[in-house]
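# Examination of the molecular architecture
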Amino acid sequence: MQNPAGSSLHPSRSALSRPAGSHILLIDDDKRLADMVGRYLSQAGFELSHRFDAASGLGALAAPSRSPPDLILLDLMLPDADGLDVCRDIRNLDGPVARVPILMLTARGEITDRVVGLEIGADDYLPKPFEPRELLARVRALLRRSLLRADAAARAGVAAGTGAAARSPAAESAAQAAETLRFGRMEIDPAARMVRIDGAARTMTAYQFDLLLALARNAGRVMSRERLMDLVKGEALEAFDRSIDVHVGKIRQVIEDDPRQPRRLLTVRGSGYVLARQQDAAAG
């Protein structure tokens, strides 16, 4: 972790605001870096747990007696496993832990490793060496998105439950239909955070769902990469950042009948992406 002249390892006052009770799990075999990350994030008010290898990290995540962390910092070069495989294993775990945001830490120079990491379920990546302030900013951004998703789901649940005793089954069904976005054979349920094709649930990462939802709420409107990044991530798109393209490709694999010839999520060359309003016209 870099500490150039003039750069403090102590978070600023504005950086100290954070979601209460946020717990971060760091999986990294570099003890020196882990100590620095631990000190910096602890000073910012976070609770940090550290595991030195993949086996102990996955063991901590899979333990039924433990609550899942709020975020995972995952090194790609672990002594007993490739971090990409660990990321995939986390996404295949049962329960809420499979949806915990993952920030990859990588000293590898190849962009391929970062792209693959995003494809298999990581939410963001940070190349080593990095500035502590950038790490903190990315951690806070991921936690902020996670809290917004949880809050939206909770509010939707409360709204659906209000007055439930006085509602008929038909009224309940109508209320649910009003909240669900439908595009031909595809349904997007924001409250359940579920995508269905022909009634069958499809699996995607939390970030990919947020991206699809942003497109769905602006269906028929061309959305630039910069606008999508702002809506989903709450920050500006960095120069040459093609992570949106990677996630769009993964979304197409989930929702398209033929990802090579998309009919739902379309590319507008030089402008961005658009989710088609009219889909599966033949199916009615």
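Conventions used here
- Residues numbered from 1 in each chain as written.
- Predicted model: local features only at pLDDT ≥ 70, side-chain atom pairs only at ≥ 80, totals over all residues.
- Heavy atoms only, no water.
- Helix = DSSP H or I, 4+ residues; strand = E, 2+ residues; numbered from the N terminus.
- Expected span 1.5 Å × (residues − 1).
- Buried < 20%, exposed > 50% of the residue type's maximum accessible area, 1.4 Å probe, protein only.
- Pairing = 2+ DSSP bridges.
- Axes fitted to C-alpha atoms, helices over the stretch in contact; angles between N-to-C directions.
- Salt bridge = Lys/Arg side-chain N within 4 Å of Asp/Glu carboxyl O.
- pLDDT = per-residue confidence, 0-100.
- Contact = heavy atoms within 4.5 Å.
- Right-handed = clockwise from strand over helix to strand, strands pointing away.
- Polar contact = N/O pair within 3.5 Å; in protein donor to acceptor, adjacent residues only side chain to side chain.

### With respect to helix H9 (residues 243-255)
Compared with the 18 Å implied by 1.5 Å per residue over 13 residues, the 19 Å span of H9 between its first and last C-alpha is a close match. Burial within H9 is extensive, with 10 of its 13 residues counted as buried.

### Overview of the sheet that holds strand S6 (residues 181-183)
Spatial ordering of the open sheet is given by S6-S7-S8-S9, a layout of 4 strands whose pairing is antiparallel. Each end of this open sheet is capped by a strand with a single partner; those strands are S6 and strand S9 (200-202). Direction aside, the axes of adjacent strands within the sheet are offset by 25° on average.

### Description of the environment of Thr180
Note on placement: Thr180 falls in the loop between helix H6 (169-179) and S6. Its relative accessible area of 8% is what places Thr180 among the buried residues. Counting along the chain gives 12 residues from Thr180 to Ala192, while the straight-line C-alpha distance between them is 9.4 Å.

### Section: the pattern of salt bridges
Under the definition given, this model contains 15 salt bridges. The partner of Asp189 in a salt bridge is Arg196, and the shortest N-O contact between them spans 4.0 Å. By relative accessible area, Asp189 is classed as buried at 6%. When the shortest N-O distance is used, the salt bridge between Arg260 and Asp258 registers 3.5 Å. Assessed through its relative accessible area of 75%, Arg260 is described here as exposed. Accessibility expressed as a relative area gives 25% for Asp258, which makes it partly exposed.

### Thoughts on the confidence of the model for the protein
Averaged over every residue, the pLDDT of the protein is 79; the share at 70 or more is 76%. Within the model, the stretch residues 4-8 combines pLDDT values under 50 with 6 contacts to residues more than four positions away or in other chains. Across residues 236-240, where pLDDT falls below 50, the model places 5 contacts with residues more than four positions away in sequence or in other chains.

### Description of the pairing of strand S1 (residues 23-27)
Across the 5 residues that make up S1, a large majority, 5, are buried. The alternating pattern of S1 places His23, Leu25 and Ile27 and Ile24 and Leu26 on opposite faces, both of which are buried. Pairing analysis gives 5 bridges linking S1 to strand S2 (residues 47-51), with the strands arranged parallel. The partner of Ile24 across the bridge, within S2, is Leu48. Regarding the hand of the β-α-β motif, the stretch spanning S1, helix H1 (residues 31-43) and S2 is right-handed.

### A short note on the sheet that holds S1
In a beta sheet, neighbouring strands pair by backbone hydrogen bonds and run either parallel or antiparallel. Taking strand neighbours across the sheet as the criterion, the 5 strands line up as S2-S1-S3-S4-S5 in an open arrangement whose pairing is parallel. The open sheet has two free edges, formed respectively by S2 and strand S5 (124-127), since each of these has just one partner strand. Neighbour-to-neighbour, the strand axes of the sheet open up by a mean angle of 20°, direction not taken into account. Alignment of strand S3 (residues 71-75) against strand S4 (residues 102-106), held across 4 bridges, turns out to be parallel. For Leu74, the partnering residue across the bridge sits in S4 and is Met104. Together, S1, S2 and S3 form the strand contacts of H1, whose direction differs from that of S2 by roughly 165°.

### Let's talk about the environment of Val86
As for its placement among the helices and strands, Val86 is situated in helix H3 (residues 83-91). In this structure the C-alpha to C-alpha distance between Val86 and Gly57, which are 29 residues apart in sequence, comes to 8.9 Å. Not counting chain neighbours up to four residues away, the residues in contact with Val86 comprise Ala54, Leu58, Leu74, Leu78 and Ala81.

### Structural notes on H1
Since there are 3.6 residues in each turn of an α-helix, residues three or four apart along the chain are aligned in direction. For H1, spanning 13 residues, the distance from its first C-alpha to its last is 18 Å, which sits close to the expected 18 Å at 1.5 Å a residue. Among all positions in H1, only Leu33, Ala34, Met36, Val37, Gly38, Tyr40 and Leu41 are buried. The N-cap of H1, judged by a side-chain oxygen 3.2 Å from the amide nitrogen of Arg32 a few residues on, is Asp30.

### Examining the side chain of Arg138
Residue position: Arg138 is located in helix H5 (residues 132-161). Using a relative accessible area of 10% as the deciding quantity, one classes Arg138 as buried. Only 2.9 Å separates the side chain of Arg138 from the side chain of Asp124, close enough to count as a polar contact.

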